[in-house]
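A closer look at the structure
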Amino acid sequence: MKLKLFYCFLSLFISFETLANVAIKDTTIDDEAGIGTLTGIVTDKADGKPIPGATVSIPDLRVGTVTDVNGKYNLNRLPKGVYLVQISFIGYSTFNQRLDFSKTATLNVKLQTSSIEVGEVVITGVSKATEIKRDPIPMAAVSKTFIDQHSASGNVIDEIASLPGVSAVTTGPNVSKPFIHGLGYNRVITLQDGIRQEGQQWGDEHGIEVDQNSIDRIEVIKGPASLSYGSDAIGGVVNLLSPPPVPEGKILGSVQSVYGTNNGLWNGSFRLQGNNNGFVWGTVISSKEAKDYQDLHDGKVYGTGFKEKDARVMLGLSKSWGYSYLNASIFDDEQEIPDGSRDPVTRQFTRQISDADTVRQIVPGDVLSSYNITPLHQHVQLYRIYDNSNFVLGSGNLIVNLGYQYSHRREYTHPTEPDVAGLNLHLATYTYDVKYNFNLGNDYETTVGVNGQYQNNSIGDATDFPIPAYHQFDIGPFFIIKKTFGKLDVEGGARYDSRSFAGQAAYIDTTRAFYPSLYTGPNPTTTPNVTQQFSALNKTFSGATGSFGATYNFSDAFLIKANIARGFRAPSIAELSANGPDPGSQIYHIGNSSFKPEFNVQEDVGAFVTLPNVSLSVEFFNNNIQNYIYQQQLLNSDGTPARNPSFPLYTIFTYVQSRARINGGEFSIDLHPVPWLHFENSLSLTYGQNLGNGGPVADSLKYLPFIPPLHTHSELRGSFAKGFGSLKSVYAFIGFDHYSAQDRFFAAYGTETYTAGYNLLSAGIGGNLVNAKGNTVLKLFIEGTNLANVNYQSNMSRLKYFDNTTVPAGVQPGIFNMGRNISFKVVLPFDLSPHDKTKGS
């Protein structure tokens, strides 16, 4: 595999060299016929003064620039066609307008001051860049500014986990899995730049293998997105978007550092990007590490430290024929995973010192305070190469997204032989997404396409084998049509998916105690101490999906939208074939090869009001799921957790199916009594009910697992774009989050328990320091979370269930969430552009 990676990266570098040569040659060519330009001036509508620093972008083409000191901008080598142009600046209403570059070369815009943030545009799951408010599918998005101001987030998923309708299942501060409206794991697809991220998502503690420092924007589809993305998008999509190219003629970069007080987090990153006549390039290099986090109840939590190293590079072309960007990245994470074991008397954390695990040692204080990774840990590496291309073809655009990923997951579980991996999985994934966008007839925006993936999973030298080696192939053709009839926007489409599995039989040699190995010799059925771990499996799942919705704009201030969508999800390889321990989750999984695919139908309806000083939204959803798959714990006859005799440390969980319903809603109201003051409030409520398979459902079974409780968020924020003297873009906020008690939990077999409610206080402050020329020389972001240092357990934290089998009377079992943490983020931007920096691009 390493040899394959070498050749892949060698091919990549050759491609880079080719692109560079093409770019250098192309810079000598004059503008061709058919190439468009767009120039103009951006001014303040009230006083007519120019607005320097306003962002002018064309999201579909991934090109943009900023206005100069005179408010002027210039975009060159634009393809002829109709595209959405977005112009934005802090403190002003965002301007969005579709332009035909074959007819329009000049666009002067007067921006109007506004206290309300409106005009957000998304590119995920739509034919062309679309304003969120005009698309009937529920969506949300966060910007680079939001990400910077929430610097205390431990990973890229935590940055969106407080959005209405979005949450995360966590295993410590660096492992989070996105949940949307109560659905997660293999029901939510995570993308990076439109390429689906694949890294053993079936695992409870398998996080998202993406460098948070390389992400500038996150877009979320809150509901079935199988129409655009196929199986596994039954609950929604999270699209992590890397930095867009810098303006033409610019070489821009930054150095940043983040420090967190709770666990001693250090997170450093270097970024550099350039654009020379449409030849674009960029790199991000990051490193972060942390010690064990702490809370008042547990002290320092053993086994929660981590070390992560990341790098990515991008080279590409942006020309009149479109663009093509080639990306490569490496994610390398050494991650400790706690088991929660304690000394029964002192309640101090203990650690495993032998495979037999008959006696445990209390963890020394110097180990709890060390950045060194413990011998028992995970080592996760993800190598990714992908290309995003958009070609102008005829009267439309051909979009081609191709990707290759290699995920190598090792989990070290043997204290006496720490170099022997308990789990050792190799997953190679090839993804493809090809679609053509064009106008059909009288301005029917149409997309036809096909996407899917091929996977090959192998199990290497290891002692734990939870899933088999397998091949998987997905394919799904689809079409989407959108049309505007005056104030009414209508969108719909259909798709047909097929997923095929071919799982390989496997036998395990159990001769050596605690160190079983994969048997590859002859006559496995008659060889002593050899047992069958997996049977051969051949399965094909298929299904039709679709979506239809509409948005009616009564006025610029009021609209309503509704959508109905059908989703499809084939069972994962773990749900079908699992038969072994997963070290990181402390679970022995047992699958069921007779499962049927999941189908769901979700209805969404919402109303949105935008007034000069108030914005208000109300949204409801209802999701009915057929063949819903979930895990339940097996118990012995005396009520104690069942354990596999060969793996006494692991509790046994099996997968089952039933009908289910998840419904709820979100409410938000933002008040802006004066332009600089914002009072933001939101409420999210999700109910999950197990409907069974026709008969009565026992009380302990009637709720679904991992359903977030009622959550309210209030934030009082002051924003001063013009700042004070040399301080610009100054902000300060104080936030309050309330999480109600979760008494609707999956109680059967001790799978989940009651979770008490809690309140969290947060605050932040920051801004930019500028020099005499108005250039930013330093950015500072400070955020404090859980400022009251509350002892609490989230029902979405897996650590809540990590403890000894029995605990002393009066002691709350499990590990608590992180205590008070204050994060300091410093960014030092720099400009290496080879021209006068006071001029526009």
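Criteria and thresholds
- Residues numbered from 1 in each chain as written.
- Predicted model: local features only at pLDDT ≥ 70, side-chain atom pairs only at ≥ 80, totals over all residues.
- Heavy atoms only, no water.
- Helix = DSSP H or I, 4+ residues; strand = E, 2+ residues; numbered from the N terminus.
- Buried < 20%, exposed > 50% of the residue type's maximum accessible area, 1.4 Å probe, protein only.
- Contact = heavy atoms within 4.5 Å.
- Areas by Shrake-Rupley, 256 points an atom, 1.4 Å probe, with all protein chains shown as cover.
- Salt bridge = Lys/Arg side-chain N within 4 Å of Asp/Glu carboxyl O.
- Phe/Tyr/Trp six-rings, centres within 6.5 Å; stacked < 30°, edge-to-face > 60°.
- Polar contact = N/O pair within 3.5 Å; in protein donor to acceptor, adjacent residues only side chain to side chain.
- Pairing = 2+ DSSP bridges.
- Axes fitted to C-alpha atoms, helices over the stretch in contact; angles between N-to-C directions.
- Patch = residues over 30% accessible without salt bridge, like charges linked within 9 Å, V, L, I, M, F, W, Y side chains within 5 Å.
- pLDDT = per-residue confidence, 0-100.

**A look at the overall build of the protein**
Within the protein one finds 5 helices and 48 strands. Across its three principal directions, the C-alpha atoms of the protein cover 80 × 55 × 55 Å. Counting the 841 residues in the protein, one finds 56% classified as buried. A separation threshold of at least 6 residues defines the contact pool for the protein, and within that pool the share at least 24 residues apart is 67%. As displayed, the protein offers around 33,200 Å² of accessible surface, 59% of which is attributable to carbon and sulfur atoms.

**Here's the deal with the pattern of salt bridges**
This structure, assessed with the given rule, holds 31 salt bridges. Among the salt bridges present, the one from D232 reaches R499, with a minimum N-O distance of 3.2 Å. Of this pair, D232 sits in the loop between α3 (226-229) and β16 (236-241) while R499 sits in strand β31 (residues 488-503); the two residues are 267 residues apart in sequence, bridging distant segments of the chain. D232 gets classed as buried once you look at its relative accessible area, which sits at 6%. Among the residues examined, R499 registers a relative accessible area of 3% and is labelled buried. Of the charged contacts, one joins D298 and R342 as a salt bridge, the two residues approaching to 2.9 Å between their closest N and O atoms. Placement of the pair is D298 in the loop between β20 (294-295) and β21 (299-300) and R342 in the loop between β23 (322-335) and β24 (350-352), with a sequence separation of 44 residues. According to the relative accessible area criterion, D298 is buried, its value standing at 10%. Given the relative accessible area of 5%, R342 is considered buried. One salt-bridge network, in which partners are shared between bridges, spans K144, D148, D216, R271 and K825.

**Things to note about the packing of aromatic side chains**
For the structure shown, the criterion picks out 27 aromatic pairs. Seen in terms of ring centroids, Y323 and Y325 are 4.8 Å apart; in terms of plane orientation they differ by 15°. Their pairing is stacked. For Y323, a relative accessible area of 8% puts it in the buried group. Between the aromatic rings of Y552 and F554, the centroid separation amounts to 4.7 Å while the plane-to-plane angle is 75°, which identifies the pairing as edge-to-face. Of the residues examined, F554 reaches a relative accessible area of 39% and is grouped as partly exposed. Here the aromatic cluster, defined as three or more aromatic residues joined through ring pairs, consists of F179, Y185 and F706.

**So, the environment of Y519**
Relative to the assigned elements, Y519 resides in strand β33 (residues 517-519). Setting aside its immediate chain neighbours within four residues, Y519 contacts Y507, I508, D509, P524, T527 and V530. Here T527 takes part through its side chain, which lies 3.3 Å from a polar atom of the side chain of Y519.

**Remarks on the sheet that holds β33**
Taken in spatial order, the 3 strands of this open sheet run β33-β32-β34, and their pairing is antiparallel. If you trace the sheet from one side to the other, it starts and ends with β33 and β34 (530-534), each paired once. Recorded for the sheet is a direction-independent mean angle of 45° between the axes of neighbouring strands. For strand β32 (residues 506-509) and β34, the ladder comprises 4 bridges, and the chain directions are antiparallel. Bridged to D509 within β34 is V530.

**Thoughts on the pairing of strand β28 (residues 421-440)**
Across the 20 residues of β28, 14 count as buried, placing the element largely inside the fold. Sheet topology places strand β27 (residues 396-412) next to β28; 16 bridges connect them, and they run antiparallel. The residue of β28 that forms the bridge with I399 is K435. Two elements, β28 and strand β29 (residues 444-459), share 16 bridges in a ladder whose sense is antiparallel. The residue bridging N439 from the neighbouring strand is E445, located in β29. Hairpin connection from β28 to β29: 3 residues lie between these consecutive antiparallel strands, with G441 at a positive phi of about 60°.

**With respect to the side chain of E666**
Counting through the fold element by element, E666 comes out in strand β42 (residues 647-671). A polar atom in the side chain of E666 sits 2.9 Å from the side chain of K222. Those residues in contact with E666 that sit more than four places away from it in its chain are P164, G165, H181, K222, S617, V618, E619, L683 and S684.

**Topic: unusual backbone geometry**
The phi angle of most residues is negative, glycine excepted, and most peptide bonds adopt the trans form. Even without being a glycine, H181 presents a positive backbone phi close to 50°. With respect to the element layout, H181 can be found in the loop between β12 (176-180) and β13 (188-192). Not every positive phi belongs to a glycine, and N277 is a case in point at roughly 55°.

**Description of the pairing of strand β1 (residues 35-44)**
For β1, a buried count of 7 out of 10 residues is recorded, marking the element as mostly surrounded by other parts of the structure. Across 6 bridges, the pairing between β1 and strand β4 (residues 72-79) is antiparallel. If you follow I41 over to β4, its bridge partner there is K72. Where β1 lies against strand β7 (residues 109-111), 3 bridges are found, and the strand directions are parallel. The residue of β7 that forms the bridge with D44 is L111.

**Re a nonpolar patch on the surface**
Among the surface-exposed residues, V255, F270, I285, L780, V826 and L828 lie close enough to one another that they form a single nonpolar patch of about 430 Å² accessible area. Look at L828 and you get partly exposed, because its relative accessible area is 39%.

**Considerations on the sheet that holds strand β15 (residues 217-221)**
Strand order in the open sheet formed by 5 strands is β10-β15-β16-β13-β14, and the pairing between neighbours is mixed. For this open sheet the edge positions go to β10 (139-142) and β14 (195-196), each flanked by a neighbour on one side alone. Relative to β14, β13 runs antiparallel, the two sharing 2 bridges. Bridge pairing in β14 places L191 opposite R196.

**Regarding the environment of F554**
Here F554 shows up in the loop between β35 (537-553) and β36 (558-569). Residue contacts for F554: discarding those within four places in its chain leaves K487, L559 and I560.

**Some remarks on the side chain of S617**
Within the fold, S617 resides in strand β40 (residues 614-633). Here S668 takes part through its side chain, which lies 2.6 Å from a polar atom of the side chain of S617. Excluding residues that lie within four positions of it along the chain, S617 makes contacts with A607, F608, E666, F667 and S668.

**Quick notes on the confidence of the model for the protein**
Counting all residues, the mean pLDDT for the protein is 90, and 94% of those residues have values of 70 or more. This model gives residues 16-33 a pLDDT under 50, and the stretch forms 17 contacts once residues within four places in sequence are excluded. Below a pLDDT of 50 lies the segment residues 837-841, which in the model reaches 10 contacts outside its immediate sequence neighbourhood of four places, other chains included.

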